[in-house]
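Given next are the chains, with one letter for each unit.
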Amino acid sequence: MIEMHWVVIVILLPLTGAVVCFLWPRQTVVSGLITAVGLFASVLGLTWQVLEQGALRYAVGGWGAPLGIDLYVDGLSLLMLIVTAVVGLAISVYSSAYFRLDRAKHFWPLWLFLWAALNALFLSADIFNIYVTLELMGLAAVALVALSGGANALTAAMRYLLVSLLGSLFYLMGVALLYHSYGSVDIAILSQRVESSPAVWVAIGLMVAGLLLKTALFPLHFWLPPAHSSAPAPVSALLSALVVKASFYILLRLWLEVFPLTNTVPGQFALGQFGLAQILGLLGAAAVLWGGIQALRQTRLKLLVAYSTVLQIGYLFLAFPLASIIGWKAALYLLLAHAVAKTAMFMAAGNILFYGGHDRIADLDRVAQRLPLTLSAFGLAGISLMGLPPSGGFIAKWLLLEAAIRSGQWWWGLMLIVGGLLTGAYVFKVIGYAFTRSDLPHEPGFVPKRMEWVALVMALLAIVLGLFAPLPLALLEIGSPFGESLR
Amino acid sequence: MNDVLLLDFLMTLLLLFVPGLPLLLAFPALHSRLPWFRYLALLPAVIAVAIPEAHSVELPWLLFGSELGIENSSRLLLAMSVFLWFWVMVLLPAARDRSEGRPEDKYSTVFFLLAMTGNFGAILAMDLVAFFVFSTLLGYSFYGLLVSGRKNKARRAGRVYLVLLILADLLLFEVLLITVLTTENLEFAAVHQSMAQSDSLTLYLALVVFAFAARAGIWPLHFWLPLAYRSTRPAVALLLGIPVVIGLLGIVRWLPLGEISSPELGLIIFGSGLVAMLFAIFAGLKMAQLKMLPAYAAILVTGLFFTAVGAGLADPVIWSHYGRFAYVFIASLGSGLAVLVFAISWLQVRRDYPARSAGYADDSNQWVERWSGLVVVWAGNTGFDTLPRWRVWWLAKMRHLWLLIRIWQRQMGVYERSLQRWGLAITLFLLLAITITFVMASAGLSSSI
Amino acid sequence: MNNTGENTIPLSLRLLLMVLLTVMAVGLAYAVLSLPAQAPGLSVYAVENINISGVSNPVTAVLLNYRAYDTFLELGVLLLALLGVWSLGCAGCQHQSSPGPVLDSLSRLLVPILIMVSGYLLWAGAHAPGGAFQAGSVLGAAGVLLLLAGWRIHAGLAGLPLRIALVLGVAVFALVGAVLILPGGQLLAFPPAYAGGLILLFETVATLSIAISLTALFLGADPDEEDAS
Amino acid sequence: MSYIFLYALVGMGLFTLGLYALIIHAHLLRKILAINIMGSGVFLVLVALAARTEGAAPDPVPHAMVITGIVVAVSATALALALMLRVRSETGRAELDEEPLSKFDD
């Protein structure tokens, strides 16, 4: 009986966990960890169910679309849920050692709320419901950024909040126009009814721009580096790994299901989508260059890692002009690999910060000898970000390259190589300083072993992802979210 | 028609010269220092890499009738090797300058050229015998390189390597005998087919894997690799990836992977690969000495390669899916090890010029400058002295370039800062929204007309 | 510094901005005007099912039955905002108000009336405009008024009891919604026979939670922590 | 039925005006107010267009959406105001820091 409702459990469980953590602050770490493990298991349960039964549709309240709200799981949303579960579990374990109780009692409810929002977002098939989850996610993320206190973090959080609200309002205006055009907010129904009309153009413009702002695609990335670098390390990790990806996921869903109007009138709108795809691809390429160069310029480790996120987001958008199933798969594999690797990298940066009390790259002062596990984690994560074999990043780039060549647009593939070189340069910059002595003597702090090991495990996972690529790629096929006709 | 014939002839000549020219140059190298000719040795290989065409030549007069050829996968390996050799050639005089007056170092150029012959030849070889001959040449000249160093430890590494080499050669000779008994044609493709049906398949597989594992320094036959990395000269250290690469290439070329299924042996190889990886991780973490890092990286990655080979032996489907990655993997292993060696020797130069402390907040520009300075110091230490005129010109160019980079960097900072400003950023956002709407609208209108 | 801070934007940028915004406004207006003049939306479905929804006011039916999941998440947003505000630890930001005689007597007069109005709105929600949010915000206003008049929550209630009251809305939704799964239903699927009662239960706890959350948001910091510090 | 569209157009106007104010004003309180005005514009569009039902009762679904949206907006505003107060108590002014990132320090 219960196993039928994994879809609901993955939303209710973290909410319940958040409430419990809020009610009993003294036991917050224990209840938080139990929730995290339970949630991981529930996502496995859901995966099993979807593998058995295929894509699922769940009508909340029993009404069903268009009147009620539907939840929908296919390969795409399942992959996002799994990424969230894996990264979430690692972040939970890491945070259990990272925060002292006075911060932990605020961190855990917020984090579990964020997790619930992410799961609800990935499961939702209703664009207004997605707005609510988007706000839930945004507010939780802002509060988490502000958690580290201090002028930088608070200013960054404020800017992030304004940007996040602005993006949501643009999105909501788009929802309003779509609803009043077609009388539904269900993605499946909209995908059948939408056709070319002024309201739809404006809605697409508003929604895409709002989501791009939230995804921090160049040149709208201005809020990301300060927010991601001034947050506490586990928060930085989950922002870069998950939160930015959530708005990308919505964009992808809309792009694949609501915006293509080719299914109603053949040929219509295909041109507009082509033009928009080229714009997104160009912005992605610009993000790769800009993020890479800015990362190289940084003197602070966490800012460097944050700019590397700007670069990696650029990669994701290279899939849009390619418009092929293999391109989408590549982008999602990249998303997966980046989520895991970036988690490891931010955790490693957090360990270094914990150890030395600062993250100035020039003063890393032989961290390599003192925190070998952490530096290994940083290096391995760097290998995946660079896209060297046999890491997960390599498989993703390989697929993207293949898609670029197949579609006859090899120049997008060039950006992968440029990005890889830039990534290599900034990773080596950090590693180089980690081996050498700086003039500044250090009072080494104590880094809990758990934090070092979690970072290393995530980094190894980022590498191992390259060896087991067929599994997630096959998972993505469930419910064929990328359509059949494009094949 | 004549054109085609001519082209064919030229390609044949080119393929012959790729391993042949270094071999020819090795003789005059005995007597003179060849300051420029050593770059010449690379020329045919560079051309072969640059011409994107598959080609092979049969040489019935060589050995038992050999075949050389080049296609995309071997071109990748050749490109990687050329890249490494170019750097080694640049570094070569350093090895000589530092040991002036020592007669034995005169021969090291010869060893380098012979090793280059072996390396290129093994990559191009299309049959068992040619591969065997060239890779053996590579092995023994490498022994020469190791031993010609003045350090005792390097000599010890050389001795260990020699023992393993002789053992491997004996085994490979056995393999050749078995193969000749089974089939007439010693071309790789033919051997794969006939060995797949042979009764002595398991023996063949085991001997090949063991022999090449010894040559490539794969755990547990890895002892010479850390020793060599610790003790040898930078020029040789850059090259230490080559025998490893050729060893792995041998495994891929000699084993009929993807055609046979041998679960037991596959499992053993898979297991040993896993153990090798664990060993490398733990031994590598324990080892504080930076110079030995590449050796453990090599053991780690070759271990990984062995798990793949093991999986491929156990289930040919896996290999036919992923086998094409093997060449990419091998090539990136070779260049990766070299980059690691480069980075480490650079770090050692840096140790004399430690990073300045964080007295200043904005050192984003300085680090490029420091980098460049260190590269110059490093290059000066290792060999640019021989080319004084070039160096002056090059340095002047570089200084200019770095000046440009600094200006450009500052400009990037200014741009980013202005992007960070709220007003501009949101205006850009608005612009994007409007652009998207217009793109959609114009397309919608044009299609409805 | 200029009080409005407008001087941070250069004139050229401001002009560009005005042009862009004009273009956007024209686009938005065009989009609105291009919509069909008549569109029933989902009103037909909403009215069709009103008999089994448990209430007769269609807006309440949408909020607490058809799209109750949105309402559930939105209570989560409110709770989350409170968590966020508390995590900021804004103890120092609060100004101590000193109520004058007018505020004092006004609050004595208004608070009972507000409570009564809130109760009416809650009850009326089933068949007329009104409902949990309206009732909750009126009740919350009463709380804010009390705070302005210098009232503070009793120290004994500032800990767990206050927290329980805050999470009540979310918790009851989650609990009842999940319990409804057990007899084989869906999440938040109300059997028509019990729908009216369940909606009243939800509205009541939601009203309480919303009112207390709004009051607590106005207070700004965790009263429990404030006492401790 | 043109008055319905008039309300919707006013909503769009509020949205645009709010956006202008959001960009132009540096003070955070004004930015927060601007966001709220933008939100009101969206809500007005949602509610106004729901009345296109030919004399029947207006479509209730957008009304419910607006109520949800208002609660979300209230929550976000509360968090934003609290954050603004904290920013002011840390930096001494209620404005976004427009300094270059590289000047950021502990």
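Bear in mind the structure is a predicted one, so any value in this text is a computation, not a measurement.

### Side note on the overall build of chain D
Next up, step 1: Helices and strands together make up the secondary structure of chain D, namely 3 helices and 0 strands.
Next up, step 2: Counting from the amino terminus, helix and strand elements in chain D follow one another as α-α-α.
Next up, step 3: Of all 106 residues assigned to chain D, the portion counted as buried reaches 58%.
Next up, step 4: Pairs at least 24 apart in sequence give 59% of the contacts found in chain D among residues at least 6 apart.
Next up, step 5: Of the roughly 4,000 Å² that chain D leaves accessible, carbon and sulfur atoms contribute 64%.

### Here we look at the overall build of chain A
Next up, step 1: Broken down by element type, chain A carries 20 helices and 2 strands.
Next up, step 2: Looking at the 487 residues of chain A, the share that counts as buried comes to 76%.
Next up, step 3: Long-range contacts, defined here as pairs at least 24 residues apart, represent 81% of the contacts in chain A between residues at least 6 apart.
Next up, step 4: Surface summary for chain A: the accessible area is close to 12,300 Å², and the carbon and sulfur share equals 68%.

### With respect to the nonpolar core
Next up, step 1: Among the nonpolar cores identified, the biggest contains 345 residues, and A:Phe170, A:Tyr171, C:Tyr69 and D:Leu19 are the most heavily contacted of them.
Next up, step 2: Of all hydrophobic cores here, the second largest spans 113 residues; its members include B:Leu21, B:Ala122, B:Ile330 and B:Leu333.

### Let's talk about the pattern of salt bridges
Residue and element names in this part refer to chain A.
Next up, step 1: Scanning the model with the defined rule gives 15 salt bridges over all chains in all.
Next up, step 2: Notably, a salt bridge pairs Asp186 with Arg57, separated by 3.9 Å at the nearest N-O pair. Taken as a pair, Asp186 in the loop between helix H6 (150-182) and helix H7 (187-193) and Arg57 in strand E1 (residues 56-60) lie far apart in primary sequence, 129 residues in all.
Next up, step 3: What makes Asp186 buried here is its relative accessible area of 2%.
Next up, step 4: The class of Arg57 is partly exposed, set by a relative accessible area of 43%.
Next up, step 5: Ionic pairing is found between Glu452 and Lys449, a salt bridge with its closest N-O pair at 3.3 Å. Here Glu452 and its partner Lys449 are both found in helix H19 (residues 449-464), 3 residues apart, which amounts to about one turn of the helix.
Next up, step 6: Linked through salt bridges whose partners overlap, the residues forming this network are Arg57, Asp70 and Asp186.

### Side note on a nonpolar patch on the surface
Residue and element names in this part refer to chain A.
Next up, step 1: Nonpolar side chains collect at one region of the surface, where Leu401, Ile405, Trp410, Trp411, Leu414, Ile417 and Leu421 lie side by side and expose about 750 Å² of accessible area between them.
Next up, step 2: Secondary-structure elements contributing two or more residues to the nonpolar patch are helix H17 (392-406) and helix H18 (410-435).
Next up, step 3: Element by element, the count of residues in the nonpolar patch is highest for H18, at 5 residues.
Next up, step 4: Looking at where Trp410 falls in the secondary structure, it is placed in helix H18.

### A closer look at the side chain of A:Ser308
Next up, step 1: For A:Ser308, the location among the structural elements is in helix H12 (residues 301-317).
Next up, step 2: Once residues lying within four places of it in the same chain are set aside, the contact partners of A:Ser308 are A:Ala295, A:Lys342, A:Leu385 and A:Tyr426.

### Focus on the interface of chain B and chain C
Next up, step 1: In this complex, chain B contributes 7 residues to the contact, which on the side of chain C involves 8 residues.
Next up, step 2: When chain B packs against chain C, close to 670 Å² is buried across both sides, 89% of that on carbon and sulfur atoms.
Next up, step 3: Summed over the three residues of chain B that lose the most area to chain C, namely B:Thr427, B:Leu430 and B:Ile434, the buried surface amounts to 62% of that side.
Next up, step 4: Between the two partners, chain B and chain C, sit 0 salt bridges.
Next up, step 5: If you look at where chain B meets chain C, you find 0 residue pairs in polar contact (both at pLDDT 80 or more).
Next up, step 6: In the side of chain B that touches chain C, the residues fall into 5 nonpolar, 2 polar and no charged.

### Focus: unusual backbone geometry
Next up, step 1: With an omega dihedral of 0°, the bond running from A:Phe218 to A:Pro219 counts as a cis peptide bond.
Next up, step 2: If you trace the backbone, A:Pro219 turns up in the loop between helix H8 (198-215) and helix H9 (224-230).
Next up, step 3: In the Ramachandran plot, A:Ala216 falls in the positive-phi region, its phi being about 65° despite a non-glycine side chain.
Next up, step 4: Inspection of the secondary structure puts A:Ala216 in the loop between H8 and H9.
Next up, step 5: Not every positive phi belongs to a glycine, and C:Leu188 is a case in point at roughly 60°.
Next up, step 6: The topology assignment puts C:Leu188 in the loop between helix H7 (160-179) and helix H8 (192-219).
Next up, step 7: C:Leu188 gets classed as buried once you look at its relative accessible area, which sits at 2%.

### Quick look at a positive patch on the surface
Next up, step 1: Taken together, B:Lys153, B:Arg155, B:Arg156 and B:Arg159 make up a surface patch of like positive charges.
Next up, step 2: Topologically, B:Arg155 is positioned in helix H7 (residues 152-182).

### Overview of H17(A)
Residues and elements named next belong to chain A.
Next up, step 1: Compared with an ideal rise of 1.5 Å per residue, which puts 15 residues at 21 Å, H17 spans 21 Å between its outermost C-alpha atoms and is within 8% of the ideal.
Next up, step 2: Among all positions in H17, only Gly392, Gly393, Phe394, Ile395, Ala396, Lys397, Leu399, Leu400, Ala403 and Ala404 are buried.
Next up, step 3: Gly408 sits one or two positions beyond H17 and adopts a positive phi of about 75°.

### Topic: the packing of aromatic side chains
Next up, step 1: One pass over the full model with this rule turns up 34 aromatic pairs over all chains.
Next up, step 2: Ring plane angle 40° and centroid distance 5.4 Å describe the contact between A:Phe218 and A:Trp290, whose orientation is recorded as tilted. In this pair, A:Phe218 is assigned in the loop between H8 and H9 and A:Trp290 in helix H11 (residues 270-297), connecting sequence segments 72 residues apart. The exposure classification of A:Phe218 matches that of A:Trp290, with both residues buried.
Next up, step 3: Ring geometry for A:Phe317 against A:Phe320: centres 5.4 Å apart, planes inclined by 15°, an arrangement best described as stacked.
Next up, step 4: Taken together, the ring pairs in this structure connect A:Tyr94, A:Tyr98, A:Phe99, A:Phe107, A:Trp108 and A:Phe354 into an aromatic cluster.
Next up, step 5: Over the ring of A:Phe22 we find C:Arg163, and its NZ or CZ is 4.8 Å from the ring centre.

### A few points about the environment of A:Ser196
All names here are of chain A.
Next up, step 1: Mapped onto the fold, Ser196 is located in the loop between H7 and H8.
Next up, step 2: When its relative accessible area of 19% is taken as the criterion, Ser196 is described as buried.
Next up, step 3: Along the backbone, Ser196 and Phe259 are 63 residues apart, and their C-alpha atoms lie at a distance of 9.5 Å.

### Structural notes on the confidence of the model for chain D
Next up, step 1: In the predicted model, chain D carries a mean pLDDT of 86, and the fraction of residues at 70 or more is 90%.
Next up, step 2: Confidence, expressed as mean pLDDT per element, reaches its minimum in chain D at helix H1 (residues 2-24) of chain D with 91 and its maximum at helix H2 (residues 28-49) of chain D with 95.

Rules and cut-offs
- Residues numbered from 1 in each chain as written.
- Chains lettered and ligands numbered in written order.
- Predicted model: local features only at pLDDT ≥ 70, side-chain atom pairs only at ≥ 80, totals over all residues.
- Heavy atoms only, no water.
- Helix = DSSP H or I, 4+ residues; strand = E, 2+ residues; numbered from the N terminus.
- Buried < 20%, exposed > 50% of the residue type's maximum accessible area, 1.4 Å probe, protein only.
- Contact = heavy atoms within 4.5 Å.
- Areas by Shrake-Rupley, 256 points an atom, 1.4 Å probe, with all protein chains shown as cover.
- Core = buried A, V, L, I, M, F, W, Y, C linked by side-chain atoms within 4.5 Å.
- Salt bridge = Lys/Arg side-chain N within 4 Å of Asp/Glu carboxyl O.
- Patch = residues over 30% accessible without salt bridge, like charges linked within 9 Å, V, L, I, M, F, W, Y side chains within 5 Å.
- Buried area = accessible area lost by both parts, 1.4 Å probe.
- Polar contact = N/O pair within 3.5 Å; in protein donor to acceptor, adjacent residues only side chain to side chain.
- Nonpolar A, V, L, I, M, F, W, Y, C, P; charged D, E, K, R; others polar.
- Lys, Arg positive; Asp, Glu negative; His and termini not counted.
- Charge placed at Lys NZ, Arg CZ, Asp CG, Glu CD.
- Expected span 1.5 Å × (residues − 1).
- Phe/Tyr/Trp six-rings, centres within 6.5 Å; stacked < 30°, edge-to-face > 60°.
- Lys NZ or Arg CZ within 6 Å of the ring centre and 35° of its normal.
- pLDDT = per-residue confidence, 0-100.

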